[in-house]
Amino acid sequence: MPPSSASTSAAEAKPAGASGGVQSLERAFDLLERMADAGGEVGLSELSSSGLPLPTIHRLMRTLVACGYVRQQPNRRYALGPRLIRLGESSSRLLGTWARPFLARLVEETGETANMALLDGDEIVYVAQVPSRHAVRMFTEVGRRVLPHSTGVGKALLAHHAPEEVRALLGRTGMPAATEKTITDPDRFLEALADVRRLGYAVDDNEQEIGVRCLAVPVPNSPTSAAISISGPTGRVTEASTDKIVPVLQDVAAQLSVALANQTPA
């Protein structure tokens, strides 16, 4: 541990009540999550919403900087550091491993390619896929990153975020058109998110790729924002098939949620 960690007060290192956690660790991880929610870069004053005194925030951030998990920019703002990349990549691979048996069930019951994706900062990253057995099938490379506004998983993941948070994200990423059907207006996108909340699932109807339709649902109570989906040709993933596919998606998402909570594979 770098010498700067010694500056963390003894009170912060005491166990945090019945949880048995170490308070300074809980506080540090809370700050990291707040940084991620804010897009990965914040000023010290922005972290004051955590309720911690500024001197405490400063000491914790100084320790995270010394460890390489946070870096301080020339403008004195804090950004998530490069050492988090290795941790994130390793945990994403493990999450994908846990998810594969559940995605295989989706393929078995729907016949279409099944995917799992996470919201990583402002982007969607695909962490697992099980392909359809059909000769004509969809393929998305694991590790691929896309913007959320043109995908079913993106809509599923953003549906329960506050509108101002969604507008801020769209302002940072822009809304480039992947196809002629991509939603490129923030107001229309927020309307689409309202539909997701009302219906319980999200649709990508030729919005990422012409000829491809995708249905997606969030994984409830996931330790990180996650969604699963099926994707296939519009001739097979039709309006008529949606009523059959969505309950399967929702059931598998619920099962995956339980497995993740127990931290054990299926």
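Before reading on, note that the structure itself is shown above.
Reading guide: rules and limits
- Residues numbered from 1 in each chain as written.
- Predicted model: local features only at pLDDT ≥ 70, side-chain atom pairs only at ≥ 80, totals over all residues.
- Heavy atoms only, no water.
- Helix = DSSP H or I, 4+ residues; strand = E, 2+ residues; numbered from the N terminus.
- Expected span 1.5 Å × (residues − 1).
- Bend = angle between axes of the 7 residues up to and from the residue.
- Buried < 20%, exposed > 50% of the residue type's maximum accessible area, 1.4 Å probe, protein only.
- Pairing = 2+ DSSP bridges.
- Axes fitted to C-alpha atoms, helices over the stretch in contact; angles between N-to-C directions.
- Parallel < 35°, antiparallel > 145°, perpendicular 65-115°, else oblique.
- Left-handed = near helix turned anticlockwise from the far one by under 90°.
- Contact = heavy atoms within 4.5 Å.
- Nonpolar A, V, L, I, M, F, W, Y, C, P; charged D, E, K, R; others polar.

Participant: Quick rundown of helix 7 (residues 239-262)? Include the residues and the values.
Facilitator: The terminal C-alpha atoms of helix 7 lie 35 Å apart, and with 24 residues this matches the ideal 34 Å at 1.5 Å per residue to within 8%. Along helix 7, the helix axis deviates most sharply at I245, where the bend reaches about 30°; the proline P247 sits within four residues downstream. Listed as buried for helix 7 are S241, T242, I245, V246, V248, L249, V252, A253, L256, S257, A259 and L260.

Participant: Describe in detail the pairing of strand 5 (residues 123-130), supporting the description with residues and values.
Facilitator: The element strand 5 is largely enclosed, with a buried count of seven among its eight residues. As defined by bridge partners, strand 4 (residues 113-120) adjoins strand 5 across seven bridges and the pair is classed as antiparallel. Looking across to strand 5, one finds that M116 is bridged to A128. As consecutive antiparallel partners, strand 4 and strand 5 are separated by two residues, and within that stretch G121 has a phi angle of approximately 65°, a positive value. Strand direction decides the pairing type here: strand 5 and strand 6 (residues 145-146), joined by two bridges, are antiparallel. Residue pairing in the sheet places I124 in a bridge with V146 of strand 6.

Participant: So what about the packing of helix 5 (residues 163-173) against helix 6 (residues 186-199)? Which residues, and what values?
Facilitator: For the pair helix 5 and helix 6, interaxial distance at closest approach is 11 Å and the crossing angle is 135°. The orientation of helix 5 with respect to helix 6, classified from their angle, is oblique. Judged by the twist between their axes, the crossing of helix 5 over helix 6 is right-handed. Facing P163, V166, R167 and L170 of helix 5, the residues of helix 6 in contact are P186, D187, F189, L190 and L193. Partitioning the contact of helix 5 with helix 6 into residue classes produces seven nonpolar, no polar and two charged.

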